[in-house]
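# Observations on the model geometry
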Protein chains: 2
Amino acid sequence: MTVTDHDARGAYASPPIEPLQAPAPAARPSAAEEARTLVAGATRGTLGTLATHPPGHPFVSVTPYGVLGDGSPVLFISGMAEHTRNLDADSRASLLVAESEVPGDPLAVGRVTLLGRVEPIDGEVELAEARAAYLAANPDAAGYIDFGDFSFRRLDVDRLRWVGGFGRMAWCEATAYAGAEPDPVRPIASDAIGHLNADHSDALVAAARAFGGHPDATDARAERIDRYGIDLALETPRGTAATRVGFTTPVTDAGSLRAACIDLAKRSRESARAPQEVFDG
Amino acid sequence: MTVTDHDARGAYASPPIEPLQAPAPAARPSAAEEARTLVAGATRGTLGTLATHPPGHPFVSVTPYGVLGDGSPVLFISGMAEHTRNLDADSRASLLVAESEVPGDPLAVGRVTLLGRVEPIDGEVELAEARAAYLAANPDAAGYIDFGDFSFRRLDVDRLRWVGGFGRMAWCEATAYAGAEPDPVRPIASDAIGHLNADHSDALVAAARAFGGHPDATDARAERIDRYGIDLALETPRGTAATRVGFTTPVTDAGSLRAACIDLAKRSRESARAPQEVFDG
């Protein structure tokens, strides 16, 4: 379960206005799902290891990676690199993966720290899987993947710390991480947000009024979209607000995202019509 | 001194063709200068600390920073954040700063790992300096810099590991780092490279022929520019090549970069004319 244990933004920003009604319940991705999505969405992380000199000093380095089916990152590291020397002496490590840097406060960026041990990969099948996973993420490595002093390693994740920008963060255990799926919406989220905001802001306003707890919303902009719903930024006569509206069933691919948005718009219209009909009747 | 102890690219890429003549000596920034330049050129790094659970496990987190006059990074961290808990138990830390991600192999990106201890900042003057340095780098923090549970810390750098993409890397001690200057050319390097390649490729070819060891160069493109000179990618009838041409005196600002480039072009023309005059004479 995602536990909010810190809300830095709450300490300084004008708090968003309260909803006029209780918003309809809207699921969010779990910390495990957020972590899987972040790891699947990048190919470069930052590796924390323990230095050999000074011994035990934390050491941080750039690390491209690929992802195995259970979410374990695959590294491909040079025998000459500091982190390889460090890992050969002590396999304890962390891998930080962050969303691409965007303008604004870097602390608003989603990120996850995977804690575990970096282990050698043995066995023909395991090595072939590691090679395929690494190359899928790092096609530029094709030129040197079969050369010399590099070797594949796997980060066996024990637990992780996920931070979803300001205010949302959680620890999560390995089993939840391995069992979670990357969000199928993430690869198309940016396009979907652009399309919704450009062509369907009326539907977003209707959804915010019907389900977001803000029947006085005058404008709504999609800020984030995932398989479970849409985070909205709202304008109302009382000020700006933030809310979330959920899909009836989780989205599984681009096709069902479109269907989920159409369903949301339809339900919003029906909800808006219902009190009107009662009033007329 | 910069020691090249690893050349991954040499292991797999077609090696660049050899020069026909010995190139004129061309200084490069030292590892300390490269490190200061990298740290000055970013505002967000990755912090390595030692976790409190499991104890001593490396932990990696996103960290905005500012820079004091001696190159020490200033952090501004929340009492609720994992890395703060970690640092309160053990002040040993690393800060990784990398060039902005560019297309292509992430291992080609310049980066530096600063190793040291993260210490509280006391004293009115020191706190004012830290605040100013942090806000200069992170203007978005103005909204919460005077609030609640955040505090300023300074990374006292002991030593650092610099990696300049493939093939160039070095360890460097704290005194060299503190005594080095960020490269004054870096903030304008991208514009300068664009301008040189768009409008002065003839001068770059002439410089490559005169000083770069490739008198048969037919095309030259600036790849990187710093206070000491220009890295060039060349075309020759024998294949592609890479070389470097140096400035007579180190550049100190945008104005003197222009003068240094004009001087380089002038010296290249004189050098090209000299053998011709001898031949004519």
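Here the structure is shown first, and the text comes after it.
Residues numbered from 1 in each chain as written. Chains lettered and ligands numbered in written order. Predicted model: local features only at pLDDT ≥ 70, side-chain atom pairs only at ≥ 80, totals over all residues. Heavy atoms only, no water.

Here the focus is the relation of the copies chain A and chain B. Placing chain A over chain B gives an RMSD of 0.0 Å and needs a rotation angle of 180°, together with 0.0 Å of translation along the axis. The transformation relating the two chain copies, once decomposed into turn and shift, fits a two-fold axis. In this assembly, 100% of the residues forming the interface of chain A have copies in chain B that are likewise at the interface, indicating an isologous arrangement. (Least-squares fit on C-alpha atoms with pLDDT ≥ 70 in both. Contact = heavy atoms within 4.5 Å.)

Tallying the contact residues gives 50 residues for chain A and 50 residues for chain B. Both faces considered, chain A and chain B share a buried interface measuring about 4300 Å² in area, 64% of it formed by carbon and sulfur atoms. Taken together, the links from chain A to chain B amount to 1 salt bridge. B:Glu82 is paired through a salt bridge with A:Arg161; the nearest N and O atoms lie 4.0 Å apart. (Buried area = accessible area lost by both parts, 1.4 Å probe. Salt bridge = Lys/Arg side-chain N within 4 Å of Asp/Glu carboxyl O.)

Moving on to the sheet that holds strand E11 (residues 239–246) of chain B. Residues and elements named next belong to chain B. Ordered by their spatial adjacency, 3 strands build an open sheet running E9-E10-E11, and the pairing between neighbours is antiparallel. The outermost strands of the open sheet, each flanked by one partner alone, are strand E9 (219–226) and E11. The sheet shows a mean angle of 20° between the axes of neighbouring strands, taken without regard to direction. As defined by bridge partners, E9 adjoins strand E10 (residues 229–236) across 7 bridges and the pair is classed as antiparallel. Its bridge partner lying in E10, isoleucine 225 is registered against isoleucine 230. Against the sheet, helix H5 (residues 186–199) engages E9 and E10, with an angle of about 170° to E9. (Pairing = 2+ DSSP bridges. Helix = DSSP H or I, 4+ residues; strand = E, 2+ residues; numbered from the N terminus. Axes fitted to C-alpha atoms, helices over the stretch in contact; angles between N-to-C directions.)

Interpretation in functional terms is not warranted from these geometric data alone.
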